[in-house]
Amino acid sequence: MISVMEVYQLLPKTNCKRCGLPTCMAFAVALISREKTIEDCTPLLEEAKYEKKLAGLRELLAPILSADATETGMVIHPEKCYGCGNCVVACPVNVASDPKGTAIGRGPVSGKAILMVEDGVVKCVNVDECRRFGPEKVLCNACIATCPSKAIEFI
Amino acid sequence: MAFCTGCSLLCDDIVVDLDGGKIGKTMNLCRKGHAHYSSISSGRLTPSVDGSEVGVEDAMMAAAEVLAGADNPLLFGWGGSTLEAQRAGVDLAKKLGGAIDDPSSYSQGLITEKIIAGDLPTCTLDDVRNFADVSIYWGDDPSSSHPRHMSRFSYFPRGEKRQRGYEEDREAIVIDVRKSPTAQIAADGFFKITPGGDGAFIEALVASLAGKIPKVEDKKRMLNLGTKLRKAKFGAIFTGQGLAHSLRGDLSGFVSLVGKLSEITRFSVIPTLGDYNTRGFNQTLFDETGHVNSVTFKDGVRHGQEFSIARLLDSCDAVMVVGSDPAAALPAAIAKKLAKAVTVAIGSHRNMTTDFAKVSVPMAVAGIEAGGSCLRTDGVRVEFDGLVGSDHLSDVDIIKRIMEAV
Amino acid sequence: MAGGKELTVITFRGIFQEVEEARGMYSDGYRDQSAVVALDGGDMKEMGVEAGHPVHLETASGDVVVAAKLSEEAHPGVAFMPASPWSAQLLSGEVGEDGFLELKMFTVRASSGGGRVTSIEEIEAVIRAP
C-alpha cells in the first residue's frame, strides 16, 4: 500500500493550486486514486529543483502506473502467483456470473468471469465488473485473502 | 478440453491453443501444470547405452538383455506411468520373478494401503466439494504441491450442500511444523506442531474428543478443535508426507483417531499423493497381490520392507526405473548403490537416475503426447488422450516391447 | 563434525522448486530453488550468516554448501530445506529399527561460509565416486 504521506513528501508542498486542487495533500490523494496524474503538477515537471522528488514520485507510483494495475487498483505480481485459482473460485463476481464454471472450482465457462488463470498465472479481465469498481464500489478482498503467496494487492 | 498429469489431481478442464501442433496459450493450468506442459520441449531424454546414443529399438533391446540376465531384478518407479504401463510392469515383474516397488515405500504407502484395504474410510474429492464442511490438511501443503486442491475441491468451490461459499460453509484446519502457504490460507485454523509432534497431537485430539483435558499447552484451543470436529457434518482429512514421516510407519494412533471421529460423524481420509498415478500403481499391485508396494515375485508372492528400494539395492543385480528419479530423492548412501547397480531408466526427461543408468529409453509424456488411463489421488479413474503428436513411444509400448524381448 | 551450530532440518517441497524441476534439474533456476536453507533470524545472527550467503551443512553422511534464506517465522534450532539432491546428501540412508527410512528430518552442523553453492554435477560426482 502506498500512503498519502509518502506521496505528499515528494510533492512541492506549496499548495499552488495549479493542478486544480486546493492543496498538495489533496493532490496526493488524487494521485493514489488515479484521478490525477503526475503531469498535472506542472511545477514538479518544470522546475529543476524538484528533479529528485519527481524521480522518487515516479518510482513510488510505478506499480499504480504500470500496465499491470487494473482500473480497480488491483496489481497482480505474476512472479509470485501459483496459478492455484483460489481467487478465481472465491471471487463473488465469478461465482455469480459463472455458476457452472469458476463457482464450482472449474475453469470459466460463461465468458463473464473477471479473474482467470492463463499460462499458469492469474489475470483480470472485464475489470468494470469488479465489486471495487465504479461509484458503488465495495472493499471486497476475496482475491487477496485466499491467495497463498500474496500475489494480489490493491493499491 | 485437455488434461493435466502435472500432479495427482488430474485437472480435466484445461484449454490449450495448439499452434501448429505446438503448445500455445493455456487456460486453467496452474503454475506447476503450465511448467509440466512447457517441459515437453526441453531436457528430453535420449536413447543411450553405456553413455553412447543409440536408436530407441537398440536401447529397448539392451534393456531387455539387462533384465533377462538378472537373477534379482527390481522394477521401480511407476507413479509417473499410465495404468496400462503399470499393469504391464507387474506382468513383467512376474515374468522375470523380480521385485516391484514405488516411492510410496518411503512416503505414503501405508496410509494408501489402509485406504485401499478399507481400514480407513475414504470418499472422492467430488464428495468433498459437494459435502465437506471441515477439511483437515495434515502434514500436507497442497497449495504448493497440488495447487488447485483447495480451489477445485477442498475449500473454495460451491457444491451441492455447500452453496454459501467457504467463509460460511467450510472450515480449513492445517496441522504442520511450519506456516506453509496452505497454513497461510487457513489463518486461524493453523495448528503449529513441533517436528515429530504428530503423535502427541493425535493423543491430545483423541482426549479432547472424549471430553478429557488434553495434555497440550493451549488446552482451550484443542478442546475447541474437538468440538468443531464433533459438530462437522462431513469431514475430510488430507494426509501428506509430513504426517507419514512423522508417524514413521506406526499408523495405529491415526487409525484409532479416525475411528473415533467416524463414531461421532462422517470423516474420510484422502492422501495427497505426489506423482500423477501413484494411486494407480498402489491399486494395481494391491489388486494383484494384496499389497501396494515392495513385492517380489521370486518364489511366489512375498511382501515386506526387505523388498523396498531402500533395502533391495543391496541384493538386486539389475534395476529398471520407470518415470521416476530415486537417485535425486533417496539419501546419498542409497543413491550410490543405485549408481553402481546396472540400471535401465525409462523416462521422459533427463534426471540424476538417467545420468547413472547403463541404458536410457525415452518415453512420451502421458496426457500430452500419449493417451491412457490413471487413478486420481482419491482413486477415481480418469481416461485421457494425447494432445500433440510425438516421436516418443508411450510407456506401455516400451514396457511391452521389452517384455516381448526378455 | 566439529564447530558450527547444530540444527534440526525439516525438508519440504515448494511450488517454484517444482516449476524449475519441470524446466530441467540441471538449470541454475532449479539450483537456486533447491540449494537453500531457511534459517531462524536469531540462529543466523549467532552463526554470522546473512541472507543469500553460503552455509556449509554437514552430517556424518555428507556435506553441501547451500544459500541461506531468512525465515519470516521464528523457529530457533530448526531449519527448513527443500527436499532435493542437496538435502539427500545429508541423510543417513539407514533404515530405522522400526523399518522406516528417514527422509524428512535430520540433524546437521551448520556454519557460515564454505565457498560457493554445491552444483548438481558435484553431487553426481560424489555419488559416482567409488
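Residues numbered from 1 in each chain as written. Chains lettered and ligands numbered in written order. Predicted model: local features only at pLDDT ≥ 70, side-chain atom pairs only at ≥ 80, totals over all residues. Heavy atoms only, no water.

- The name given to chain C in an unreviewed UniProt entry is Molybdopterin dinucleotide binding domain-containing protein, and the organism recorded there is Candidatus Methanocrinis natronophilus.

- Per an unreviewed UniProt entry, chain B is named Formylmethanofuran dehydrogenase subunit B, and its organism is Candidatus Methanocrinis natronophilus.

### A short note on the packing of aromatic side chains
Residue and element names in this part refer to chain B.
Next, step 1: Under the defined criterion, the tally for this structure stands at 13 aromatic pairs over all chains.
Next, step 2: Aromatic pair F3 and F384: ring centres 4.7 Å apart, planes at 15°, arrangement stacked. Residue F3 is located in the segment before β1 (15–19), and its partner F384 is located in strand β18 (residues 381–384); the two are separated by 381 residues in the primary sequence. No difference in accessibility class separates F3 from F384, as the two residues are buried.
Next, step 3: Each member of the aromatic cluster is reached from another via a ring pair, and the members are W138, F191, F201 and F254.
Next, step 4: Of note, R221 hangs over the ring of F191, and the distance from its end group to the ring centre comes to 3.8 Å. (Phe/Tyr/Trp six-rings, centres within 6.5 Å; stacked < 30°, edge-to-face > 60°. Helix = DSSP H or I, 4+ residues; strand = E, 2+ residues; numbered from the N terminus. Buried < 20%, exposed > 50% of the residue type's maximum accessible area, 1.4 Å probe, protein only. Lys NZ or Arg CZ within 6 Å of the ring centre and 35° of its normal.)

### A word on the interface of chain A and chain B
Next, step 1: Between chain A and chain B, the residue contacts involve 29 residues of the former and 26 residues of the latter.
Next, step 2: Between chain A and chain B, a total of about 2200 Å² is buried, with carbon and sulfur atoms accounting for 50% of that surface.
Next, step 3: Interface area lost by chain A to chain B is led by A:Y82, A:R106 and A:D119, which between them contribute 24%.
Next, step 4: Between the two partners, chain A and chain B, sit two salt bridges.
Next, step 5: One salt bridge in this structure joins A:R106 and B:D12, with 3.0 Å as the shortest N-O distance.
Next, step 6: Linking chain A to chain B there are eleven residue pairs in polar contact (both at pLDDT 80 or more).
Next, step 7: When residues of the side of chain A that touches chain B are traced back to their parent elements, those giving at least two are α5 (86–90) and β2 (115–118) of chain A. (Contact = heavy atoms within 4.5 Å. Buried area = accessible area lost by both parts, 1.4 Å probe. Salt bridge = Lys/Arg side-chain N within 4 Å of Asp/Glu carboxyl O. Polar contact = N/O pair within 3.5 Å; in protein donor to acceptor, adjacent residues only side chain to side chain.)

### Observations regarding the domain arrangement of chain B
Residues and elements named next belong to chain B.
Next, step 1: In terms of domain boundaries, chain B breaks down into domain 1 (45–106 + 276–405) and domain 2 (109–271).
Next, step 2: The distance between the C-alpha centroids of domain 1 and domain 2 comes to 33 Å.
Next, step 3: The interface of domain 1 with domain 2 comprises 13 residues on the first partner and 16 residues on the second.
Next, step 4: Of the roughly 1100 Å² buried between domain 1 and domain 2, counting both surfaces, carbon and sulfur atoms make up 56%.
Next, step 5: Summed over the shared surface of domain 1 and domain 2, the result is one salt bridge.
Next, step 6: Note that D126 and R376 form a salt bridge whose closest N and O atoms lie 2.6 Å from each other. (Domains from an automatic or database assignment.)

### What about helix α3 (residues 83–96) of chain B?
Residues and elements named next belong to chain B.
Next, step 1: For α3, with 14 residues, the first-to-last C-alpha span of 20 Å sits near the 20 Å given by 1.5 Å per residue.
Next, step 2: Taken together, the buried positions of α3 are occupied by L83, A85, Q86, A88, G89, V90, L92, A93 and L96.
Next, step 3: Directly after α3, the chain includes G97, whose backbone phi takes a positive value near 65°. (Expected span 1.5 Å × (residues − 1).)

### A closer look at the sheet that holds strand β9 (residues 190–192) of chain B
Residues and elements named next belong to chain B.
Next, step 1: Read across the sheet, five strands follow the order β9-β8-β7-β10-β11 without closing on themselves; strand pairing throughout is parallel. Edge positions in the open sheet fall to β9 and β11 (266–271), since each of these has one partner strand only. Neighbouring strand axes in the sheet, compared pairwise and without regard to direction, differ in orientation by 15° on average.
Next, step 2: As defined by bridge partners, strand β7 (residues 134–138) adjoins strand β10 (residues 234–239) across five bridges and the pair is classed as parallel. Each residue of the ladder has a partner; that of Y137, found in β10, is F238.
Next, step 3: Those strands touched by helix α4 (residues 109–117) are β10 and β11, and its axis lies near 130° from that of β11. (Pairing = 2+ DSSP bridges. Axes fitted to C-alpha atoms, helices over the stretch in contact; angles between N-to-C directions.)

### Observations concerning the pairing of strand β5 (residues 73–77) of chain B
Two faces, one strand: in a regular strand the side chains alternate between the faces of the sheet.
All names here are of chain B.
Next, step 1: Extensive coverage of β5 is indicated by the burial of five of its five residues.
Next, step 2: Going residue by residue along β5, you find P73, L75 and G77 tucked away on one face and L74 and F76 tucked away on the opposite face as well.
Next, step 3: Of the strand pairs in this sheet, β5 and strand β14 (residues 318–322) are connected by five bridges, and their pairing is parallel. Pairing of G77 across the sheet is with V322, part of β14.
Next, step 4: As defined by bridge partners, β5 adjoins strand β6 (residues 99–101) across three bridges and the pair is classed as parallel. By the bridge assignment for β6, L74 is matched with A99.
Next, step 5: In this fold, β5 hands off to α3, which returns the chain to β6; that crossover is right-handed. (Right-handed = clockwise from strand over helix to strand, strands pointing away.)

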